[in-house]
Structures are given as structure tokens and as C-alpha cells.
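Report on the structure
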Amino acid sequence: MAAGVATWLPFARAAAVGWLPLAQKTMPKPPVDKKSRSDEILFVNVSGLRFQTWKNTLDRYPDTLLGSSEKEFFYNEETQEYFFDRDPEMFRHILNFFRTGKLHYPRHECIQAFEEELAFYGIIPEIIGDCCMEEYRDRKKENQERLAEDTEAENAGDAPLPPGATLRERLWRAFENPHTSTMALVFYYVTGFFIAVSVIANVVETVPCRPIKGSIKDLPCGEKFSVAFFCMDTACVLIFSFEYLMRLYAAPSRCDFARSVMSVIDVVAILPFYIGLVMPENEEVSGAFVTLRVFRVFRIFKFSRHSQGLRILGCTLQSCASELGFLLFSLTMAVIIFATVMFYAEKGTKGTNFTSIPASFWYTIVTMTTLGYGDMVPDSIAGKIFGSICSLSGVLVIALPVPVIVSNFSRIYHQNQRADKMRAQQKVRQARIRMAKKGATNAFLQHKEDGGLQDGDSGSTALCVKNRSAFEHQHHHLLHCLEKTTNHEFTDEVTYSEVCMTDSVGFRTSRSTSLSSQQGATTSCCSRRAKRRAIRLANSTVSVSRGSVQELDTLHITKTPAGTQYPQSRSSLNARTEDLKLNCDDYTAAIISIPTPPANTPDESLPNSPAIPGILRNSRSNTYNIQETVKISSL
Amino acid sequence: MSHCRKRCKRQLTKVFRLFYRFLTGTLEKDSVEDDFELSTVCHRPEGLDKLQEQTKFTKKELQVLYRGFKNECPCGVVNEETFKTIYSQFFPQGDSGAYAHFLFEAFDTNKNGSVSFEDFVFGLSIILRGTINDRLNWAFNLYDQNKDGCITKEEMMDIMKSIYDMMGKYTYPCMHEEAPREHVESFFQKMDRNNDGVVTIDEFIETCQKDENIMQSMQLFDNVI
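Residues numbered from 1 in each chain as written. Chains lettered and ligands numbered in written order. Predicted model: local features only at pLDDT ≥ 70, side-chain atom pairs only at ≥ 80, totals over all residues. Heavy atoms only, no water.

By the naming in an unreviewed UniProt entry, chain B is EF-hand domain-containing protein, taken from Esox lucius. Per UniProt, chain B carries the Sequence similarities (unreviewed entry) text "Belongs to the recoverin family." In its Subcellular location (unreviewed entry) section, the UniProt entry covering chain B states "Cell membrane". (UniProt positions renumbered as here; feature names shortened; annotations may be inferred.)

Chain A carries the name A-type voltage-gated potassium channel KCND1 in an unreviewed UniProt entry, which gives Esox lucius as its organism. The Subcellular location (unreviewed entry) field of the UniProt record for chain A holds the comment "Membrane". Word for word, the UniProt comment on chain A under Subunit (unreviewed entry) is "Component of heteromultimeric potassium channels. Identified in potassium channel complexes containing KCND1, KCND2, KCND3, KCNIP1, KCNIP2, KCNIP3, KCNIP4, DPP6 and DPP10."

Another aspect to go through is the overall build of chain B. Looking only at helices and strands, one finds 11 helices and five strands in chain B. Out of the 225 residues belonging to chain B, those deemed buried represent 44%. Sequence-distant contacts in chain B: of pairs separated by 6 or more residues, those separated by 24 or more amount to 58%. Surface exposure of chain B reaches about 12,000 Å², of which carbon and sulfur atoms provide 52%. (Helix = DSSP H or I, 4+ residues; strand = E, 2+ residues; numbered from the N terminus. Buried < 20%, exposed > 50% of the residue type's maximum accessible area, 1.4 Å probe, protein only. Contact = heavy atoms within 4.5 Å. Areas by Shrake-Rupley, 256 points an atom, 1.4 Å probe, with all protein chains shown as cover.)

For the rest of this paragraph, the subject is the overall build of chain A. From N to C terminus, chain A includes 23 helices and 10 strands. Evaluated residue by residue, chain A yields a buried proportion of 42% over its 635 residues. For chain A, the share of sequence-separated contacts (at least 6 apart) that also reach a separation of at least 24 residues comes to 71%. About 34,700 Å² of surface is accessible on chain A, with carbon and sulfur atoms providing 61% of the total.

All names here are of chain B. A cluster of basic residues, Lys6, Arg7, Arg10 and Lys14, forms a positive patch at the surface. Here Lys6 shows up in helix α1 (residues 2–24). For Lys6, a relative accessible area of 57% puts it in the exposed group. (Patch = residues over 30% accessible without salt bridge, like charges linked within 9 Å, V, L, I, M, F, W, Y side chains within 5 Å. Salt bridge = Lys/Arg side-chain N within 4 Å of Asp/Glu carboxyl O. Lys, Arg positive; Asp, Glu negative; His and termini not counted. Charge placed at Lys NZ, Arg CZ, Asp CG, Glu CD.)

Residue and element names in this part refer to chain A. A contiguous nonpolar surface patch, about 530 Å² in accessible area, is contributed by Phe230, Leu238, Tyr274, Leu277 and Val278. Those elements that place two or more of their residues in the nonpolar patch are α10 (226–250) and α12 (261–278). Per-element tally for the nonpolar patch: the top contributor is α12, with three residues.

Attention shifts here to the UniProt feature "domain: EF-hand" (unreviewed entry) in chain B. Those places that UniProt annotates as "domain: EF-hand" (unreviewed entry) correspond, in this numbering, to residues 95–130, 131–166 and 179–214 of chain B. The span residues 95–130 of chain B is 67% helix and 8% strand, and its two end C-alpha atoms sit 29 Å from each other.

Turning to the packing of helix α15 (residues 321–346) of chain A against helix α18 (residues 401–449) of chain A, a few remarks are in order. All names here are of chain A. Two elements in contact, α15 and α18, have axes separated by 10 Å at closest approach and are oriented at 160 degrees. Our classification of the angle between α15 and α18 gives roughly antiparallel. For the crossing formed where α15 meets α18, the hand is left-handed. On the side of α15, the interface is formed by Glu323, Leu324, Phe326 and Leu327, while α18 contributes Pro401, Val404, Ile405 and Asn408. Among the residues forming the contact of α15 with α18, the class breakdown is six nonpolar, one polar and one charged. (Axes fitted to C-alpha atoms, helices over the stretch in contact; angles between N-to-C directions. Parallel < 35°, antiparallel > 145°, perpendicular 65-115°, else oblique. Left-handed = near helix turned anticlockwise from the far one by under 90°. Nonpolar A, V, L, I, M, F, W, Y, C, P; charged D, E, K, R; others polar.)

Core analysis: the largest hydrophobic core is formed by 103 residues, its most contacted members being A:Trp19, B:Tyr87, B:Phe120, B:Met156, B:Phe204 and B:Phe221. The biggest single contributor to this core is helix α5 (residues 97–107) of chain B, with seven residues. When near neighbours in sequence (up to four residues on either side) are disregarded, A:Trp19 contacts A:Leu478, A:Cys481, A:Leu482, A:Thr485, B:Tyr87, B:Phe91, B:Tyr99, B:Tyr143, B:Ile163 and B:Met166. Grouped together as the second largest cluster of nonpolar side chains are nine residues, A:Ile195, A:Val199, A:Cys236 and A:Ile270 included. (Core = buried A, V, L, I, M, F, W, Y, C linked by side-chain atoms within 4.5 Å.)

In many analyses, interface size is given as the accessible surface area lost on bringing the parts together. If you look at the interface, chain A gives 94 residues, while chain B gives 86 residues. Summing both partners gives a buried area of about 7,900 Å² for chain A against chain B, and 65% of it is carried by carbon and sulfur. The interface formed by chain A and chain B includes three salt bridges. Ionic pairing is found between A:Glu70 and B:Arg44, a salt bridge with its closest N-O pair at 2.3 Å. The tally of links from chain A across to chain B stands at 19 residue pairs in polar contact (both at pLDDT 80 or more). Here the side of chain A that touches chain B gets 10 residues from one element, more than from any other, and that element is helix α20 (residues 470–486) of chain A. Looking at the side of chain A that touches chain B residue by residue, the classes come out as 50 nonpolar, 21 polar and 23 charged. (Buried area = accessible area lost by both parts, 1.4 Å probe. Polar contact = N/O pair within 3.5 Å; in protein donor to acceptor, adjacent residues only side chain to side chain.)

All right, on to unusual backbone geometry then. In this structure, B:Pro173 follows B:Tyr172 across a cis peptide bond, with omega equal to -5 degrees. When you line up the elements, B:Pro173 lands in the loop between β4 (171–172) and α9 (179–191). Even without being a glycine, A:Asn487 presents a positive backbone phi close to 65 degrees. With phi around 55 degrees, B:Lys147 is a residue other than glycine that occupies positive phi space. Secondary-structure assignment places B:Lys147 in the loop between α7 (132–143) and β3 (150–151). You can call B:Lys147 partly exposed: its relative accessible area is 37%.

Let's shift gears to α9(B). Taking 1.5 Å per residue as the helical rise, α9(B) with its 13 residues ought to reach 18 Å, and the 18 Å between its terminal C-alpha atoms agrees with that figure. Where α9(B) is concerned, the buried positions are B:Ala179, B:Pro180, B:His183, B:Val184, B:Phe187, B:Phe188 and B:Met191. Across the axial projection of α9(B), the buried residues extend over an arc of 165 degrees, all falling on one side. For α9(B), the elements touching its buried residues are α20 of chain A together with β3, α8 (153–165), β5 (199–200) and α10 (201–210) of chain B. (Expected span 1.5 Å × (residues − 1). Arc of directions from axis to C-beta.)

Right, dumping it as C-alpha cells:
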């Protein structure tokens, strides 16, 4: 638990006043803090570094912590100094602000740490001097961008689905994040494979194959094996259509999905096939149909779902839209200018190719991009001069926007890399947080087991209990109060699942029956204790005897590592509990007494009778109901 | 009709402007001024001496409290989110958000959505250094959400559910759905003397004073700080 939270523990304990009137049992006694909690005062100033300054210096800015009476809260009478538990390096800058009136931003410090210090001392960051302001703002923007990516990565949808997810939600998730389930992954690869097959088929279709017997002309493979290709095409289209319909069904917002780029690509990829099916076999219409087949090549864009690089490229082009637009516009301008000039320059030449200005466009473009096919060449001297100027300017015009596009691409690419790294780190971070939380609860449960909750005299407290810090004592006491208020106890996952498993089996015992001498009946609570000692003991079959939750007083017998035997503490126990005296070597019993409210009286005991061969070995007593736990239920 | 035409014109000009910016390469406008988030207003508590007069804490205790408070909230006030985060660190197994909300409402006496150090210390002074009656009053205030002087079954049900939520899922015995409701029923049976369906402050205090358990438990606050 964070050390800073320790200072809030008194507040949390005070807030427990809200539970007291509701609790039906008395609260446990609070831990007594024997040694006076010495303040965490060190005889230094800011974490060890002593600073000295005039009072007037600090009084210059009365709306800061140091300039107002707020610093009295940090005054240490014994050493007659103000003590701040903060970063001494940063404090140097803060104090310089008081001295010179200008706040400087230290470049080597993390910007968030700096801002936190400013907030603590009550200084607004806008006071930063001009010399450091730009750097500060740049770093702040960069930090914010990074944090925005963090939250985006969190909401990336990698979190496990809530258990009540409908089929639709699960399907959508499987489509969007294929690595979440094996089925999704399989489907993902299958569709990828079929996209590749379809594209290759389209390509191979047009390759000339050896002609069929009796004919001379080379046939394209598509016509030779038309049936095979048709079958392949049909299969691919069927799979694509199925995938599209599934996505449409699963999409949380069908309208948005239908308008998204990927869905448009999907539709365009499969539409020609269906149109071809519907189309009648006329001559004039099939001409148009042939051009539709061109659209089949768009299937290759479906790969962008599978390839992140393609997506990055698309993203880059999108973000560079304005640069590309400018490039296009300037090129067009240059083309028109040079085409006009070339046309008029070559007008005089006989048999020239430059028949019109639009015809000269082709020459200008080929020259400006330095292709130079040579199908149109100027003859006159003026034409040659202008032609060379054209090619030189072409190089310049094209080279200018390209670095901008490249830098955009690089930025987006790195952003993506960072996002992936963040996501991976996030998982580790979550796991760590979960471990810490579990550690806290395990500490409490362990503490309970070690008999730390008994109200006995401190002399018999087990060693392990004593060695806990005051903070842990108080925190565990707080959790214990909550248990008493609600009449339930904290357990861990394992025992909860098995307890509730046997619950559902339906083994219930009525409250009023006593099962004292039933050997066969295995009613015991707290089988978790048995589970924990599974190394030494075999597991007993357990079930829970259920009664009304609020009217059960439970006694737990726990084993403590110490070898002392505990006397039965005060409470109105039945004589039955004599059965519980174990004379075994390793075991001792500590009885936690729960002061029962006067209204309830403990009725009977339900000893359990597990058949645990392991214990038999160690037991020497004849009267063994080797019980680890005994439950007394009261009505 | 002119309204329609005006809208058309506006859309057209927007499209043209966009096209123009596309051609000239100035589609993305860099915002000239970065948005300066106004730094949160710092709240400074009243002087140490004044707080010492108004509460029952000693100077040293106030100092300790303030240091912890200031560490978590350097701007001097706690908002509900921070409050919930802090409180949830003590109950890792369950969800303490709802109960933290009720606590926040109880501490925020002037209903301005934030708890300053004074509110915090006043509340703690009542709970930790007040008489038993003070504490019972404070607890009643916590339960009575609309501050009308009586606790209805719904209000108590909310509180009870929030307390049970703090236990989390893994409890022994397994948590009923009905456990809070049963608890509320038994509470009302005990407290509601005249059976009018609500518990007034007098009934509450009277019953609590007669209950040994509660009286005994109240002593647990004596040495929290």
C-alpha cells in the first residue's frame, strides 16, 4: 500500500462511524499503539538540504504556500525550522523564483514532477519566464499527447468482455481483435488466404496458356480453364459475402459500419460478381460488364485489415492530404504553363507532335517527372530551351512536398510503435496492480489465520502477529470491523469458488438439527483451512451448512505456528467443545471468541468428521474428532 | 425560404474554403494559442491557531493531518473522484465507491462539491473527539441523505448496499442478494419504535444508547489519532 495513503488511514477509520449503528455485533477492540508514534520529523529542511532565506523574500508572494500562513502547518518546534518532505533539487528553483521573481524550468526534470511541485507550493506555471516558456510548452504538449495515447490504448478494447456479452458483442470483438480467441484467429487467416487466392486467380486468368488442340491462337488461361476459375471466384465471393454479412450483423452501429471505408471496399470487391450473375448475356451490356471486372482488383485492399503497414500508409496519406493537394495543384499549374509555352514554341515546326495544348500536357508531365519516354521531342531551339527549363523545375516542384510527407509517415509510424509498446506495458501494469491488491487481501487473510484477531491477552499473541506494523494492525482492524458489520467474512477466490460450488450442489442442513454424532455427515465450514494445509492433510469433502446469514455465530479454530495451547476464552460455549481439545503434536487450537449479542445464544455445535488419513498419523488421542473447524450455529 | 438559402450559401462557402485550403496546402491550422488550462484555484485553510480553537485536536495532530491531506491534494481541496480513489485503497476486495460517495456528502457540509481541509478536520473532530451523542448525530447525518431528519427504508437500503458492496465477491458465507435487505429489516425492527416506517433522530439516539454493543463499539474511536 502506498506510504502516502498511510496518512489517510485515520480518516478511513473515523469514517467507520457510519457502520457502528448498523452492526449487530460489537466492534472488535482497536489495536493499542504502545509506542508513541513519533512524527516523521527529520532534523533537516527540505529532505536534508537546508535553505536559508529572508522572511521578506517569501512574503513577496503572499498567495503561495511559503508566503502565507499555510507554512505554519509545516513548522517544527523542536528544531525551529520548516520542514518539507519534497524534492530538494526542485525546491532550489522554487526558492529562486522568490528571490528573483522569475521562474525557470529545469530542462532535465520531468515536466509532471515539476508541475506537481509547483502545485504543492501554490505557484501557477504561467509565471515561467520567457526564457524557459517555449521549452515548457513543448514538453507539456508532448506529454499530453503521450498521455492521450495511454488512455486510447486503455480503451483499445483489449480488456476482457463483461460476462454478460451478447453473441453480437462477442462476434464484433472477434472480428475487431482477432487475437482474442482462436476461432477469430482462424477466421482471420482463412479470409486472408482467400483474398490472396482471389487476387492471384485474377492475375493468372489473363496469362496466355497453351492453346487447346486444334487451334492456333494462344488462349488466356481464364478462358481455357473457365470452369475452374469460375468456381474459385464463386468460392471467394461467397466467403467475402458471408464475412461482410457477419460484420454487418455484429456491428454495434450498422449505419456507421456501412459508411466506413473498409465496408465500402468489401462491397466494391464482391459487387461485380453479383452484377455479373444478374446481367443478361447481351453483347453491348457485356462490354460494360467487362470493365466491372476491373473492380475485382480492389479485393487487394481488403488486405489492409490484415496489415498494419497498409493502414499506416493510408493514415499517412490522409494526414498529408493538404501537402498532397498542394503538390497536385502546383504540378497542374506548372504543367499548364509549360504545355502552353511548348505548344507555341513548337507551332512553327513541321510535322510536330505538339498538335494542341492538351497534347503537350503529356510531354510536360513526362519531362517534369524526369521520365523522358522520347515519344514527343521538341525540334526548335526555343522548344529545347523551354524543355530543359521544364525538366529542371519539375525536379524542384516534386522534391519539395516529399519530405513533409515522409516526416508525417515517420511520425505516424513511430506513434503506432509506441501505441503497441504502451499496450504491452499496460498489461504488465495491470497485472502488477492486481498482484498488489491480492497481496493486500492475502495479508489480511493470513493475519486472520494466524490468530491475530483474537481478543485474548497480548501475552499469548503469536510472534508473527506482533511483528506487524502499526499501520497493518489498524488496517486489519478496519477490515475486521467491516466484517462484523455485514456478518460476512473476507475469503480468497479459491475457497469462495469451492464453497459456492458445494453450495449449489444443494447440501443444506437445517438450522435446528444437530448433527453432532453423524459420522457420515460432513458438514463443515471453513474447508478453506483444510485447503491451505493441503500439503499435510488430505482434503475433506466439505459442504456448507447454511443458515440465515445474520444469525450464525461462527467459531473458528485455527492453527497457529506457535506451540502454545490456548485456553478457551470467555464466551458461552457449550460443553461440546471439549471434543475440540486436540492432543496432537503439531496442532494447537486457538479459539476466537466472538462476544455474542445477548439475544442470541449458541445452540449446538456441528462438529465435522472428516476422514483425513494424514492427521490420523499424528494423532495420539483416542477421542479424535479431528476437526479443524467447528461451527456453532445459533438460532 | 431565405433561411434555407442562407444555409446553402454557408455550406457552399465552407466547401469552397475547404477546397481553397486544400489547394494552397493550409488544411491544418495550427492553433495559435495553446489552451492554457487555468490552474486549479488553491484553497488555503485558516490559520493553525484558529483551527485549533474550532476543533478538539492539538496543534501537532492538526499538523500531521494537514501534511497527509496536502500530499494527496496539493490544491487544498478534495473532489469526489480523489476521495473515492483514496478510500478505495483501503478496501481492495470490494467496491467502495458508493460508500465513499455518502461519506463525501457527509463531509461536504457546505455542499459545494469539494471537501476542504476545514470540512475534513471538523468532521474528524466530531467523530474522533466528540461525545457519543455527537458521533451518533454524525452517523445519523450520514444515513439521512436528504437531511430531512428521518431515515427512510430506501435511504437505509442504499447505505446498506454500499457497505455490503465493500466486502466484494469473495466472502464467507456467500453473499446473498437479499442480505442487505434483511439487514435493513432487522435494523428497522430495532430502531423504529413507533413503526411509522422511518427512523427519526430521537428514536435512533435512544435506541443506540440502550444498545450495549453499539456503546461499546463507540469506544474504538478513542485512539485513532
